[in-house]
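The lines below spell out each chain.
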Amino acid sequence: MARTQKNKATAHHLGLLKARLAKLRRELITPKGGGGGGPGEGFDVAKTGDARIGFVGFPSVGKSTLLSNLAGVYSEVAAYEFTTLTTVPGVIRYKGAKIQLLDLPGIIEGAKDGKGRGRQVIAVARTCNLILIVLDVLKPLGHKKIIENELEGFGIRLNSKPPNIGFKKKDKGGINLTATCPQSELDAETVKSILAEYKIHNADVTLRSDATADDLIDVVEGNRVYIPCIYVLNKIDQISIEELDIIYKVPHCVPISAHHRWNFDDLLEKIWDYLKLVRIYTKPKGQLPDYTSPVVLPYSRTTVEDFCMKIHKNLIKEFKYALVWGLSVKHNPQKVGKDHTLEDEDVIQIVKK
């Protein structure tokens, strides 16, 4: 691919190569059923709390120190690399939400191919709601690129939204391509060749945005996860203030010092922004709302029905209507049904049949 010059005539050929590459990569990630290995020591940790955050980074950048100082859990810290060998969990309470922090072992170049148990580490990172990439300020920015490559190679897309492409397999009828806006890269021929690589010859493809070949491959593969990510620059106690000012301008970045606990509140605030959690306070009948322990919902599922399911699944069967106070309603209180969408810090009272 590097030797092919990019122009309109070769776009088709490049698309083919990209698809083939993605397919081979996937086979690397999921090897075709080998003999079942013996049970290794467990690597993943049970999910607790409302959200889960993984610390990813090279060995010895201060992930364990950060976990110890944030969550008060002791994760072994020493001056040599690979001190942390398995996942160490910790929990913090922030704004009423329980957030699970996972200190993962360091990953190295080639982790996505299984080096240094890298595969298990990245597999745990895939299950997180937010990834903190911990970087050392003194090390070069090339490290950021390497880690991003490792995660992307494993089907994790950082700080990006799923491409707006409709894709539906059919039994017959060939490939039907509809584009709702002008495409700069994909044409019918390229789409056909990419899908042929996956042995798909009958499908409806709808392109609702200017998509690239990689976007189409992501949609066809269907195993990509889209996770927000914050770059945490550690060890800022070792640089000058002028350098710090430059760092502050980098997007998705928070400079901290894990050892001296500098700038933790800024980091927590940013984590909260990126997690996009919604807090709902409950109000028993004839009493004041309980502002101490909110029910926390992810921003994608915030209807009254989801709220009921979070408490207990039997609640939805006895549900008659709910009274809501807050930003999501026009009147306070307002009677709503189970399809009403709640906003952050709403107060709700559920009336049963």
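Quick note: structure is the one above.
What you see is a predicted model, and the numbers here were worked out from it, not measured in a lab.

Rules used throughout
- Residues numbered from 1 in each chain as written.
- Predicted model: local features only at pLDDT ≥ 70, side-chain atom pairs only at ≥ 80, totals over all residues.
- Heavy atoms only, no water.
- Helix = DSSP H or I, 4+ residues; strand = E, 2+ residues; numbered from the N terminus.
- Buried < 20%, exposed > 50% of the residue type's maximum accessible area, 1.4 Å probe, protein only.
- Contact = heavy atoms within 4.5 Å.
- Disulfide = S-S within 2.5 Å.
- Axes fitted to C-alpha atoms, helices over the stretch in contact; angles between N-to-C directions.
- Parallel < 35°, antiparallel > 145°, perpendicular 65-115°, else oblique.
- Pairing = 2+ DSSP bridges.
- Salt bridge = Lys/Arg side-chain N within 4 Å of Asp/Glu carboxyl O.

Peer 1: What's the story with the environment of Arg26 in this structure? I'm lost.
Peer 2: Secondary-structure assignment places Arg26 in helix α1 (residues 8-29). Given a relative accessible area of 28%, Arg26 falls into the partly exposed group. Between the C-alpha atoms of Arg26 and Phe154, which are 128 residues apart in sequence, the distance is 8.1 Å. In this structure, Arg26 is in contact with Tyr198, Glu221 and Asn223, ignoring residues within four places of it in sequence.

Peer 1: How do you make sense of the state of the cysteines when you look at a structure like this?
Peer 2: A complete count under the given rule lists zero disulfides for this structure. Of the cysteine sulfurs around Cys253, a residue in no disulfide, the closest is that of Cys229, at 9.0 Å. Cys253 gets classed as buried once you look at its relative accessible area, which sits at 9%.

Peer 1: I keep staring at the packing of helix α2 (residues 63-71) against helix α8 (residues 264-275) and nothing clicks. Help me out?
Peer 2: The description of two helices packed together rests on the angle between their axes and the distance between the axes. Axis separation between α2 and α8 bottoms out at 12 Å; the angle between their running directions is 90°. The orientation of α2 with respect to α8, classified from their angle, is roughly perpendicular. Here α2 contributes Leu66, Asn69 and Leu70 to the contact with α8, which in turn contributes Phe264, Leu267 and Leu268.

Peer 1: How should the pairing of strand β14 (residues 319-325) be read in this particular structure?
Peer 2: Side-chain direction in a regular strand flips from residue to residue, so the side chains alternate between the two faces of the sheet. Where β14 meets strand β16 (residues 346-352), six bridges bridge the pair, whose relative direction is antiparallel. In the sheet register, Phe319 faces β16, and the bridge partner there is Lys352. Pairing of β14 with strand β15 (residues 334-336), which is carried by three bridges, proceeds in the antiparallel orientation. Paired with Val324 across the strands is Gln334, a residue of β15.

Peer 1: Just checking my understanding: could you explain the pattern of salt bridges for this structure?
Peer 2: Where charged atoms from two side chains of opposite charge come close, those side chains can pair. By the definition in use, this model includes five salt bridges. Measuring nitrogen to oxygen at the nearest pair gives 3.3 Å for the salt bridge that ties Lys95 to Glu269. Note that Lys95 is positioned in the loop between β2 (88-94) and β3 (97-103) and Glu269 in helix α8, a separation of 174 residues in sequence. Residue classification places Lys95 among the partly exposed residues on the basis of a relative accessible area of 34%. In this structure, the salt-bridge partner of Asp204 is Lys170, at a minimum N-O distance of 3.0 Å.

Peer 1: Any chance you could explain the sheet that holds β16 here in plain terms?
Peer 2: In a beta sheet, neighbouring strands pair by backbone hydrogen bonds and run either parallel or antiparallel. Spatial strand order, β13-β12-β16-β14-β15: five strands in an open sheet with mixed pairing. At either end of the open sheet lies a strand with only one pairing partner, and these are β13 (290-298) and β15. The average undirected angle you get between the axes of adjacent strands in this sheet is 40°. For strand β12 (residues 277-282) and β13, the ladder comprises five bridges, and the chain directions are antiparallel.

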